[in-house]
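A closer look at the structure
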Amino acid sequence: MKNEVTRQAFKTSIPVMAGYIVLGMGFGLLLHDAGYGAGWALLMAVTIYAGTMQYVGVSLLAGAASVLTTALTTLMVQARHLFYSISMIERYKGAGKYKPYMIFGLTDETYSLLSDDNLPVDPKDAHRYRFLVTLFNHSYWIIGCVTGNLLGEVLPFSTRGLEFSMTALFVASLTEQWITMRDHIPALTGLFSTLLCLLVFGPDNFLIPALLLITLILTLLRSREEARA
Amino acid sequence: MREVKLIAVMALGTALLRFLPFLIFRKRTPPYIAYLGKVLPPALIGMLVIYCFKDVRFTTAPHGLPELIAAGSVVLLHVWKRSSLVSILGGTAIYMVLVQLVFA
């Protein structure tokens, strides 16, 4: 039944709802403080739909970055999405008309909800279910970004420090994965490779070396990791 | 307009990265790529955590203490409640109090 699929998709998306509204509001406020109104928040939330990129985007807009800098920063900050997509190739097979939007909306959080293969719906409704989870998450994000931007006008207290919600989200995800997964090698590889590259290459140029180093180490560990799985 | 151009670049760049693997591996996924799809997510979340700390100055006061205390609180809250919402809201509130009142 169609309504049942919608209900299950909504249920799955609830944990992301609050997070996206809070994070989206954080972004909306930052954008407001940088001097851009609700129309800009709406445009970015609808077309970019990527938390980290939008936060970075505020400083690109405010700092009058060039098109080239913006393009390179986008490719570096977002390179991890290549890998999210890689692990969804099999799951999204046969999604037909839903597929382009499902790929467009594959954020970190949507990925973490949909890479779980225990579907709460009939397998024949899997693609419709995944499409709806993606759509619900996107709506929360848009609502958060626009509301936060509008609140910037009236908020009675200082929002300094609110940007920490992004750090908190990733620390919470890492903790959750640490508790659920038996194999901690991939997480440790990510933490220590990135830390090393940050120390060696400095805060502006370490993401690409870190991605390469992580991929290299995990490639070298492949036979060992696959034996553990 | 400059802003519209920059936003279009960010939107297209992000979409390109999300679509590319689906276009390249349309026929079948090589086992190596499937393996990467499995082990990369936790590694990339670890990378994102470090990324968030990239501009924290540990050598000058307050030596990154607000960030470390707040991040530690997120871990403790998460181990305790296992609710992303509680961990994120709690950790952010603690951080805001630290930078606005304690280490101001």
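Computed from a prediction, not measured in an experiment: that's the story for all the values here.

Quick notes on the overall build of chain B
On a plain count of helices and strands, chain B comes out with four helices and zero strands. In chain B, the order of α-helices and β-strands from amino to carboxyl end is α-α-α-α. Scaling as 2.2 N^0.38, a compact globule of 104 residues should have a C-alpha radius of gyration of about 13 Å, whereas chain B reaches 20 Å, well beyond that. Its C-alpha atoms put chain B at 55 × 45 × 30 Å along the principal axes. Taken across its 104 residues, chain B has 51% of its residues classed as buried. When contacts within chain B are restricted to residue pairs at least 6 apart in sequence, long-range pairs at least 24 apart make up 36% of them. When the accessible area of chain B is evaluated, it comes to approximately 5,200 Å², of which 72% is carbon and sulfur surface.

Some words on the pattern of salt bridges
All names here are of chain A. Here the structure, examined in full by the defined rule, presents eight salt bridges over all chains. Salt-bridge contacts for E225 lead to R224; the nearest nitrogen and oxygen are separated by 3.3 Å. For E225, a relative accessible area of 2% translates into the label buried.

Focus: the domain arrangement of chain B
Partitioning chain B into domains gives domain 1 (1-43) and domain 2 (53-104). For domain 1 of chain B versus domain 2 of chain B, the separation of C-alpha centres amounts to 31 Å.

Let's talk about unusual backbone geometry
Residues and elements named next belong to chain B. Here the bond from A61 into P62 is cis, since omega is 5°, no more than 30 degrees from zero. Examined against the element boundaries, P62 turns out to sit in the loop between α2 (31-52) and α3 (65-81). Although it is not a glycine, H63 sits at a positive phi angle of roughly 55°. Here H63 is to be found in the loop between α2 and α3. The partly exposed category is assigned to H63, whose relative accessible area is 41%. Of note in the backbone geometry, R82 takes a positive phi value of approximately 55° without being a glycine. Tracing the sequence through the fold places R82 in the loop between α3 and α4 (84-102).

Considering the nonpolar core
Counting 93 residues, the largest nonpolar core has A:F27, A:L31, A:I48, A:L61 and A:Y92 as the members making the most contacts within it. By residue number, the principal contributor to this core is α2(B), which donates 14 residues. Residues in contact with A:F27, not counting those within four places in the same chain, are A:A41, A:M44, A:Q54, A:Y55, A:V58 and A:C145.

What about the interface of chain B and chain A?
As a measure of interface size, the accessible area lost when the parts come together is often cited. Taken together, the contact pairs 65 residues of chain B with 92 residues of chain A. Both sides together, the interface formed by chain B and chain A hides about 7,000 Å², and carbon and sulfur atoms give 78% of it. Looking only at chain B, the three residues that lose the most surface to chain A are B:M10, B:R18 and B:F22, adding up to 12% of its buried area. Counting the contacts that link chain B with chain A gives one salt bridge. In this structure, A:E176 and B:R82 form a salt bridge, with 3.0 Å as the shortest nitrogen-oxygen distance. Taken together, chain B and chain A are joined by eleven residue pairs in polar contact (both at pLDDT 80 or more). Of the residues belonging to the side of chain B that touches chain A, the class tally is 43 nonpolar, ten polar and twelve charged.

Description of the packing of α3(B) against α4(B)
Residues and elements named next belong to chain B. Between α3 and α4, whose axes approach to 8 Å, the crossing angle comes to 155°. In this view, α3 runs roughly antiparallel relative to α4, as classed from their interaxial angle. Helix-helix and strand crossings are classified by hand; for α3 and α4 the assignment is right-handed. Counting all contacts with α3, which are made through P66, E67, I69, A70, S73, V74, L77, H78 and K81, the residues of α4 involved are S84, V86, S87, G90, G91, I94, Y95, L98 and V99.

Structural notes on the domain arrangement of chain A
Residues and elements named next belong to chain A. Considered domain by domain, chain A is made up of domain 1 (2-178) and domain 2 (181-229). The centre of domain 1, based on its C-alpha atoms, is set 24 Å off from the matching centre of domain 2. Opposite the seven residues of domain 1 that make contact, domain 2 presents nine residues. Carbon and sulfur atoms make up 77% of the area that domain 1 and domain 2 hide from each other, which totals about 810 Å². Inspection of the domain 1/domain 2 interface yields zero salt bridges.

Conventions used here
- Residues numbered from 1 in each chain as written.
- Chains lettered and ligands numbered in written order.
- Predicted model: local features only at pLDDT ≥ 70, side-chain atom pairs only at ≥ 80, totals over all residues.
- Heavy atoms only, no water.
- Helix = DSSP H or I, 4+ residues; strand = E, 2+ residues; numbered from the N terminus.
- Rg over C-alpha atoms; globule rule 2.2 N^0.38 Å.
- Buried < 20%, exposed > 50% of the residue type's maximum accessible area, 1.4 Å probe, protein only.
- Contact = heavy atoms within 4.5 Å.
- Areas by Shrake-Rupley, 256 points an atom, 1.4 Å probe, with all protein chains shown as cover.
- Salt bridge = Lys/Arg side-chain N within 4 Å of Asp/Glu carboxyl O.
- Domains from an automatic or database assignment.
- Core = buried A, V, L, I, M, F, W, Y, C linked by side-chain atoms within 4.5 Å.
- Buried area = accessible area lost by both parts, 1.4 Å probe.
- Polar contact = N/O pair within 3.5 Å; in protein donor to acceptor, adjacent residues only side chain to side chain.
- Nonpolar A, V, L, I, M, F, W, Y, C, P; charged D, E, K, R; others polar.
- Axes fitted to C-alpha atoms, helices over the stretch in contact; angles between N-to-C directions.
- Parallel < 35°, antiparallel > 145°, perpendicular 65-115°, else oblique.
- Left-handed = near helix turned anticlockwise from the far one by under 90°.

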